[in-house]
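One-letter residues, chain by chain:
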Amino acid sequence: IDFVQTNQLAGTKGIEDQPEVSDIQKKKMSLQETRKSLPIFPFREDLLQAVEEHQILIVEGETGSGKTTQIPQYLYEAGYCKDGKKVGCTQPRRVAAMSVAARVAQEMGKKLGNEVGYSIRFEDCTSERTVIKYMTDGMLLREFLSEPDLQSYSVMIIDEAHERTLHTDILFGLIKDIARFRPDLKLLISSATLDAEKFSDFFDEAPIFRIPGRRFPVEIFYTKAPEADYIDACVVTILQIHVTQDAGDILVFLTGQEEIETALESLTERTRRLGTRIKELLILPIYANLPSDMQAKIFEPTPPGARKCILATNIAETSLTIDNIIFVIDPGFCKQNSYNARTGMESLVVVPISKASANQRAGRAGRVAAGKCFRLYTAWAYKHELEENTVPEIQRVNLGNVVLLLKSLGINDLIHFDFLDPPPHETLALALEQLYALGALNHMGELTKLGRRMAEFPVDPMMAKMLLASEKYKCSEEIVTIAAMLSVNSAVFYRPKDKAIHADTARKNFFSPGGDHFTLLNVYNQWVDTDFSTQWCFENFIQHRSMRRARDVREQLVGLVERVEIDMVSNKDDLVAIGKAVTAGFFYNTSRLSKTGGYKTVKHNQTVLIHPNSSMFEELPRWLIYHELVFTTKEYMRQVIQIENSWLLEVAPHYYKAKDLEDTTTRKMPKNKGKSRAELGDH
Ligand code: ADP
Ligand code: MG
């Protein structure tokens, strides 16, 4: 691939300050020495003083300066954890919460889960003794339900505030309110070098504490022409760097697990072919669903003579800092939730990143020495096609979840909630409407008894409603399993390229009548029958760790279902009962077969297709409900279940009227049978 260099990301340090890369790799510092070498360390006393003097403080510092791992420790050392009070620190990402907690426990010489712990959805790794608690922003939101004044905390750090996730944005409003009647609570809003003034304005002119950056210059390279296949371009660029450039590790930004696995396979294959003609290249993935022992590997030092190449999702953009990265490869994309407030359709889409994001990525290359960033797009595209900033999540996602939560916190007037950036009016209105249709709110917009029960579940309102509906249809065992499997859905089946045919056959053997929900149920139940065998997973191309996670999630859900006093009962052979329970939750996502053989969503007439991996792909039932939409080249429904239109009138009479549900088709429908995956788009 041909690159052109056009500009440079300026550093605060010159080339003369630069250590030799080999020095960095050789140097073995003790953990305490490492702590003292971080950019934040010289500011320890000043920072503590500022916290002492101000109730709310904005902390701004370059990624990797030590904000996340050090500030909670400084506060702990300064005595903020007396009288059983905790220092809390929120993270937008699950992986980051786990990883930094592990790191901090290690630095403090404590066992993870004792003094230092973390709490993420479906997993609580804290104890009575925990004084430093990392958690996802979503978990802190849920803590408001049981402890509305956050009484057990002396300090709360809203970290990675610049990420502007939906949950972080909601926290801003809630926490600002709490600060007024809890003068003893200290609040820190911590962010990378973005948006600090905006945060300060929002928090009544709170002072900004700036940690001066340490950054080496980064040379930026662009491709001469656009790259058609950016995964392949990544692989080629990695090898180009590996054979032509000096020592230093490589960080590659991909959009998700599937892309990472594809790149990993291709790269492994090509390096194997090159054999001993090239130096050793360690290829390490990092993404949310990766088990934590594998995640920890990215932090292990690179052996002398070798080079490390990390294939990461956005998580490595600012949440996690990996030392010794000298080369960054940036294809320029990320996966984002996108939401159409008119149709209520939500889907995961791969979109171009913003300029702000591109510059954060490039910055990862200049932390320990001057670096290079290879952008797999043209300089023209950077200038003309990328937005300046990423739109905050609150302005582009479904708000059903947080509206339900805020309502349960007694916040009724959402229009006047103190938002940093308000969500679009239609989005808020639609969330209220959906909650009304689900029966969570009454016509006055007040929480119903059902709504209160739904809010007990840390899942989307539709999923919560499905779980609660399992009571009526006496199939809680099955619905809980389906919910757990859906929460890990895309990662259940394993499909290595070189064994694709075997993997597809194995997958098809699990297909069950009625749709993918039943297929997932079948996989789980068979796994239970083998006594949770790893070997069985391996033989059947099932991802064992996804199954283990499903089992954990299931266990938690069972606890929650019992807490709202629903008995665990099984109704295994009643496909109608199970189907109706799913419909009771997900009736919004109904689509109907159209004359052309495609599907149209019932209320908005949008064209959608069955995902080629679905068990229903060759069946084409008249009516179906999808679990989620993924947009690749077309809008695909992933995880679909066949239903009867009459069920919709039974479970959602407020929402559907008989005239919505007339069959538009009377003739026998065309089938997808015989078409190859390639013809239909292999995704
Ligand atoms: P910031 O929050 O300012 O971006 P961090 O506190 O996350 O900075 O990182 C400070 C340092 O701690 C970095 O050098 C990073 O490599 C190191 N670090 C963070 N987490 C881990 C981990 N799990 N293992 C090893 N090192 C880590
Ligand atoms: Mg951080």
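Parameters and conventions
Residues numbered from 1 in each chain as written. Chains lettered and ligands numbered in written order. Predicted model: local features only at pLDDT ≥ 70, side-chain atom pairs only at ≥ 80, totals over all residues. UniProt positions renumbered as here; feature names shortened; annotations may be inferred. Helix = DSSP H or I, 4+ residues; strand = E, 2+ residues; numbered from the N terminus. Rg over C-alpha atoms; globule rule 2.2 N^0.38 Å. Buried ≥ 20, exposed ≤ 12 C-beta atoms within 10 Å, placed from the backbone. Axes fitted to C-alpha atoms, helices over the stretch in contact; angles between N-to-C directions. Parallel < 35°, antiparallel > 145°, perpendicular 65-115°, else oblique. Left-handed = near helix turned anticlockwise from the far one by under 90°. Contact = placed C-beta atoms within 7 Å. Pairing = 2+ DSSP bridges. Near = placed C-beta within 6 Å. Nonpolar A, V, L, I, M, F, W, Y, C, P; charged D, E, K, R; others polar. pLDDT = per-residue confidence, 0-100.

- In the annotation of an unreviewed UniProt entry, the protein is listed under the name RNA helicase and assigned to Daphnia magna.
- The heading Catalytic activity (unreviewed entry) in the UniProt record of the protein holds the text "ATP + H2O = ADP + phosphate + H(+)".

1. Considerations on the overall build of the protein
For step 1, the next point in the chain: Looking only at helices and strands, one finds 25 helices and 22 strands in the protein.
For step 2, the next point in the chain: Rg of the C-alpha trace for the protein: 26 Å, near the compact-globule value of 26 Å for 683 residues, within the 12% margin.
For step 3, the next point in the chain: Expressed along its principal axes, the backbone C-alpha trace of the protein runs to roughly 75 × 65 × 50 Å.
For step 4, the next point in the chain: Across the 683 residues in the protein, those meeting the buried criterion constitute 47%.

2. Points about the UniProt feature "domain: Helicase C-terminal" (unreviewed entry) in the protein
For step 1, the next point in the chain: Summarizing the sequence annotation, UniProt attributes the feature "domain: Helicase C-terminal" (unreviewed entry) to residues 237–410 in the numbering used throughout.
For step 2, the next point in the chain: The span residues 237–410 is 34% helical and 25% strand by assignment, and the distance between its end C-alpha atoms comes to 54 Å.

3. Remarks on the UniProt feature "domain: Helicase ATP-binding" (unreviewed entry) in the protein
For step 1, the next point in the chain: With numbering aligned to this structure, UniProt lists the feature "domain: Helicase ATP-binding" (unreviewed entry) at residues 48–212.
For step 2, the next point in the chain: A distance of 16 Å separates the end C-alpha atoms of residues 48–212, which is 39% helix and 25% strand.

4. Regarding the packing of helix 6 (residues 137–146) against helix 7 (residues 166–181)
For step 1, the next point in the chain: In contact at an axis separation of 8 Å, helix 6 and helix 7 are set at 40° when each is read in the N-to-C sense. With respect to helix 7, the axis of helix 6 lies oblique. Taken as a pair, helix 6 and helix 7 cross one another with a handedness that is left-handed. The segment helix 6 lies against helix 7, with Asp137, Gly138, Leu140, Leu141 and Phe144 engaging His167, Thr168, Ile170, Leu171 and Leu174.

5. Re the sheet that holds strand 13 (residues 307–312)
Hydrogen bonds along the backbone pair up the strands of a sheet, which may run parallel or antiparallel.
For step 1, the next point in the chain: The 7 strands are arranged 1-10-17-14-11-13-12 in an open sheet whose pairing can be described as mixed. Each end of this open sheet is capped by a strand with a single partner; those strands are strand 1 (3–9) and strand 12 (281–286). The sheet shows a mean angle of 20° between the axes of neighbouring strands, direction not considered.
For step 2, the next point in the chain: Two strands pair when backbone bridges link them, and strand 12 and strand 13 are joined in this way by 6 bridges, in the parallel orientation. Across the sheet, the residue bridging to Leu281 is Arg307, located in strand 13.
For step 3, the next point in the chain: Across the sheet, helix 10 (residues 257–274) is in contact with strand 12 and strand 13; its angle to strand 12 comes to roughly 170°.
For step 4, the next point in the chain: Where helix 13 (residues 355–363) meets the sheet, its contacts fall on strand 1, strand 10 (218–223), strand 11 (249–253), strand 14 (325–330) and strand 17 (371–375), and the angle it forms with strand 14 comes to roughly 150°.

6. Things to note about the pairing of strand 14
For step 1, the next point in the chain: Burial analysis of strand 14 places 6 of its 6 residues in the buried class, which makes it a mostly covered element.
For step 2, the next point in the chain: Relative to strand 14, strand 11 is paired through 4 bridges, and the arrangement is parallel. Paired with Val252 across the bridge in strand 14 is Ile329.

7. Focus on the site of ligand 1
For step 1, the next point in the chain: Around ligand 1, 17 residues are found, and the nearest of them are Lys67, Thr68, Thr69, Arg103 and Phe299.
For step 2, the next point in the chain: Those elements that provide at least two residues to the shell around ligand 1 are helix 4 (67–77) and helix 5 (94–108).
For step 3, the next point in the chain: For the shell around ligand 1, a count of residues per class yields 4 nonpolar, 10 polar and 3 charged.

8. Topic: the sheet that holds strand 4 (residues 116–120)
For step 1, the next point in the chain: Sheet architecture is open: 8 strands sit in the order 5-4-6-3-7-8-2-9, paired in mixed fashion. Two strands in the sheet have a free side with no partner beyond their single neighbour: strand 5 (123–125) and strand 9 (208–211). Across the sheet, the mean angle from the axis of one strand to that of its neighbour is 20°, orientation sign disregarded.
For step 2, the next point in the chain: Sheet analysis places strand 2 (residues 56–61) next to strand 8 (residues 186–191), joined by 5 bridges and oriented parallel. In the strand pairing of strand 8, Val59 is matched with Ser190.
For step 3, the next point in the chain: Helix 4 contacts strand 2, strand 3 (86–91), strand 6 (132–136), strand 7 (153–158) and strand 8 of the sheet and is inclined by roughly 170° relative to strand 3.

9. A closer look at helix 19 (residues 476–486)
For step 1, the next point in the chain: Burial analysis of helix 19 places 11 of its 11 residues in the buried class, the great majority of the element.
For step 2, the next point in the chain: For helix 19, the full list of buried residues reads Ser476, Glu477, Glu478, Ile479, Val480, Thr481, Ile482, Ala483, Ala484, Met485 and Leu486.
For step 3, the next point in the chain: Looking at the packing, one finds that the buried side of helix 19 touches helix 18 (461–472), helix 21 (516–529), helix 23 (544–563), helix 24 (575–586), strand 21 (623–631) and strand 22 (635–642).

10. A word on unusual backbone geometry
For step 1, the next point in the chain: One non-glycine residue, Phe541, lies in the positive phi region at around 55°.
For step 2, the next point in the chain: One can find Phe541 in the loop between helix 22 (534–539) and helix 23.
For step 3, the next point in the chain: Unlike most non-glycine residues, Asn605 shows phi in positive territory, near 60°.
For step 4, the next point in the chain: On the basis of neighbour count, Asn605 is assigned to the exposed category, with 11 C-beta atoms found within 10 Å.

11. Let's talk about the environment of Ile231
For step 1, the next point in the chain: Note on placement: Ile231 falls in helix 9 (residues 230–244).
For step 2, the next point in the chain: In this structure the C-alpha to C-alpha distance between Ile231 and Tyr655, which are 424 residues apart in sequence, comes to 43 Å.
For step 3, the next point in the chain: The residues contacting Ile231, other than those within four sequence positions of it, are Glu259, Thr262 and Ala263.

12. Describing the confidence of the model for the protein
For step 1, the next point in the chain: Per-residue confidence for the protein gives a mean pLDDT of 90; residues scoring 70 or more make up 94%.
For step 2, the next point in the chain: Here residues 676–683 is a poorly scored stretch, pLDDT under 50, and it has 14 contacts once near neighbours within four places are set aside; other chains count.
For step 3, the next point in the chain: Interface scoring of the predicted complex returns ipTM 0.98; its pTM is 0.88.

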